[in-house]
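A structural walkthrough
Read off the chains here:
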Amino acid sequence: STLVIIGFLSNICVEATSSRAKELIPNLQVIVCSDGCAAKSLQDHINIMTLTLPVLGIDVRTCAEVQMIIESNEGINMPATIKKEEKRSDLPRILAMHGKGSNDEVTRMQLENIGITNDAYDIVYIRGPFEVDETDPAIADIIHGPFFSWFSEDIRHSVVSGVRDTLRICKTNGPFDGVYGFSNGAVMAMLAAN
């Protein structure tokens, strides 16, 4: 299986998510899109992309390179859950899963920043089952709640319910050509795929 990661704070969130994914699933191919990530400083971003991630065995590519790999289906092990099948529309269908303390509107903005819009894609947004009070202050200044998370204090229950809900959405709204999961959404997507 392959996990493609795009996100902000490449020196914290992206590094932690990609290294944890490799730890949990040793044979997982992890690709980080260098131009789909950002850090607090350009130097932090360059260091994580050119030094830290390659040392961890994580492949760093541009978003355009990843798109070409996915379209050609070469060099990437596509999980059965996202192989191309008959769809209800002629647009590629994307399952979009937000991060911790976030919502569909934040995810929509993140996708727009990397050129994935409703004009070119059939995007299905799903939200975590747990409403939360806290979010990143930068998000709260731009987007209004409610905000959601995939995980609660009862980790076992939240993993089971999150995977169940994700699989139910996939069954009723799929098939999907791709999955965009940000932070905790990426973790939940990975758990559901396995």
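Preceding this section is the structure that the text describes.
A brief look at the structure comes next. Being a predicted model, the structure only gives us computed values, none of them experimental. (Residues numbered from 1 in each chain as written. Predicted model: local features only at pLDDT ≥ 70, side-chain atom pairs only at ≥ 80, totals over all residues. Heavy atoms only, no water.)

On to helix α7 (residues 184-193), then. Counting buried positions along α7 yields seven of ten residues, so the element is predominantly enclosed. Turning to α7, its buried residues number three or more, namely N184, G185, A186, M188, A189, M190 and A192. (Buried < 20%, exposed > 50% of the residue type's maximum accessible area, 1.4 Å probe, protein only. Helix = DSSP H or I, 4+ residues; strand = E, 2+ residues; numbered from the N terminus.)

Below, the discussion takes up helix α2 (residues 42-55). Along its 14 residues, α2 runs 19 Å from first to last C-alpha, staying within 8% of the 20 Å computed at 1.5 Å per residue. Considering bend angle alone, the principal kink of α2 is centred on I48 and spans about 40°. Backbone geometry just after α2 places G57 at a positive phi near 80°. (Expected span 1.5 Å × (residues − 1). Bend = angle between axes of the 7 residues up to and from the residue.)

What follows deals with the sheet that holds strand β8 (residues 178-181). Spatial strand order, β5-β4-β8: three strands in an open sheet with parallel pairing. The open sheet has two free edges, formed respectively by β5 (122-126) and β8, since each of these has just one partner strand. Each neighbouring strand pair of the sheet contributes to a mean axis angle of 20°, computed without reference to strand direction. Across five bridges, the pairing between strand β4 (residues 93-97) and β5 is parallel. The residue of β5 that forms the bridge with I94 is I123. Of the strands in this sheet, β4 and β5 are in contact with helix α6 (residues 155-173), which crosses β4 at around 160°. (Pairing = 2+ DSSP bridges. Axes fitted to C-alpha atoms, helices over the stretch in contact; angles between N-to-C directions. Contact = heavy atoms within 4.5 Å.)

So, on to the environment of S19. Along the chain, the position of S19 falls in helix α1 (residues 10-24). Distance from S19 to L53, taken between C-alpha atoms, is 8.3 Å for residues 34 residues apart in sequence.

We now examine the packing of α6 against α7. At a minimum axis separation of 9 Å, α6 and α7 run at an interaxial angle of 75°. Classed by the angle they form, the pair α6 and α7 counts as roughly perpendicular. Contacts from S158, V159, G162, V163, T166 and L167 in α6 reach M188, L191 and A192 in α7. Taken together, the residues of the contact of α6 with α7 sort by class into six nonpolar, three polar and no charged. (Parallel < 35°, antiparallel > 145°, perpendicular 65-115°, else oblique. Nonpolar A, V, L, I, M, F, W, Y, C, P; charged D, E, K, R; others polar.)

Omega for the peptide link from G145 to P146 comes to 10°, which places this bond in the cis form. The topology assignment puts P146 in the loop between α5 (137-140) and β7 (147-149). Residue P175 is bonded to the preceding G174 through a cis peptide linkage, with omega at 5°. Assignment of secondary structure puts P175 in the loop between α6 and β8. In this structure, S183 is a non-glycine residue whose phi angle is positive, near 55°. With relative accessibility at 23%, the residue S183 sits in the partly exposed group.

To continue, consider the pattern of salt bridges. Overall, the coordinates contain four salt bridges when judged by the stated rule. The shortest N-O distance in the salt bridge between R61 and D59 comes to 3.0 Å. You can call R61 partly exposed: its relative accessible area is 28%. Between R93 and D122 there is a salt bridge whose closest N-O contact spans 2.7 Å. Residue R93 is located in strand β4, and its partner D122 is located in strand β5; the two are separated by 29 residues in the primary sequence. (Salt bridge = Lys/Arg side-chain N within 4 Å of Asp/Glu carboxyl O.)

So, about the environment of D136. Counting through the fold element by element, D136 comes out in the loop between β6 (130-132) and α5. Here the alpha-carbon distance between D136 and S102, two residues 34 residues apart in the chain, equals 8.3 Å.

That is the geometry; function is a separate question.
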